[in-house]
Structure formats: C-alpha cells, structure tokens
Amino acid sequence: MRVWKFGDNIDTDAIIPGRFLTINDPKGLSEHAFEGFRDGFAKEVKEGDMIVAGRNFGCGSSREHAPLALTGSGVRVVIAESFARIFYRNSVNVGLLPVICPRAGEITEQDQITGHFAEGYIDVSGRRLDIEPVPAFLQQIIDAGGLVEYAKQIRSEDLCMK
C-alpha cells in the first residue's frame, strides 16, 4: 500500500481533467487520473493505495467523475483535513471512503497507514492520529460499493414500520 500525498484545494479538474468527462467507466477514467497535474499517478497507482491531502479536497465542480476515477484506479480511501461537501457526498455514493483527519498534513508518502475508522483513529507508522469516526451505516454503504448497490440490498420489508 502506497500513500499518495497532495496539498490543499485539489479540485476535481486536477483529479480528472474536463476533457475526459465523456468517459463514464471508472477504469477508463482512472487512466487519466491526475493527468497534467501529477503525471505518473495513473500508471503507478495500485489497488489499495491511499490518497492523503490537506484542506478542501475535491473542490470545484460537482462531477461524480472525480471519485469514480479514483475508485477505478484502486483507491478505496482518501484521508484529508477536509473535503468539499459535494465531493464527500459523491465519494460515498460511488464507494470511496472519505476520512477526515485534522492532522493529515503530518502524514508523508513514506508512511504506512492502518485504518481504525469506526474507532476514530488511524495508525500512521506507529503514530496514532485521530479522525472523525466512520459511522456503521456509512461503512455499510462503502462496503456495498456505493449508495446504489447498498440500496439494492434493502428489502421493502426492512423499510416498513412494524
């Protein structure tokens, strides 16, 4: 597992440039992730790698293509000091876990991260950093592969008040 470190205000155009918005397949989008911003990411990223960023990750447009490009590349978790609201929501919708860590700036690309998301912390090369705990229902949506897949699992009987 590799850590890919980014700074503040990484916008959706940096994650997936607008000229690739005609692609809707996560794998196809992943081939252009961070193109022109951090060349080499798309070719080097591996399943299970994590992105760590500063403040306001995913700002810019409301396109769902940005988190789709990341899931298509094998990234399952983004840890940041804060997220743009629509990016946070779009990430959950497509099965990408956004984790808020106020001290994310202390993490380096050489660190190894183990998530204890429900418990509210991550282990970063032996150091404990607090995060906003991931509620069970949110983790269930992520584990299902996103909101649509999660909703497919819900039976109508489960929604009825008894």
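The structure we're discussing is the one just above.
Residues numbered from 1 in each chain as written. Predicted model: local features only at pLDDT ≥ 70, side-chain atom pairs only at ≥ 80, totals over all residues. Heavy atoms only, no water.

(A) Region of the structure containing unusual backbone geometry. For Phe 34, which is not a glycine, the phi torsion comes out positive at approximately 60°. In this structure, Phe 34 sits in the loop between α2 (26–30) and α3 (41–44). Positioned with a positive phi, Ser 125 is a non-glycine residue whose angle comes to about 50°. In this structure, Ser 125 sits in the loop between β6 (121–124) and β7 (127–130). When its relative accessible area of 42% is taken as the criterion, Ser 125 is described as partly exposed. (Helix = DSSP H or I, 4+ residues; strand = E, 2+ residues; numbered from the N terminus. Buried < 20%, exposed > 50% of the residue type's maximum accessible area, 1.4 Å probe, protein only.)

(B) Expanded view of helix α5 (residues 85–94). Inspection of α5 places Phe 87, Asn 90, Ser 91, Val 92 and Val 94 among the buried residues, and these make up the whole buried set. On its buried face, α5 sits against α1 (12–15), α4 (65–72), β4 (97–100), α6 (136–144) and α7 (147–153). Looking one or two residues beyond α5, the residue adopting positive phi is Gly 95, at roughly 90°. (Contact = heavy atoms within 4.5 Å.)

Any link to function would need more than the numbers given here.
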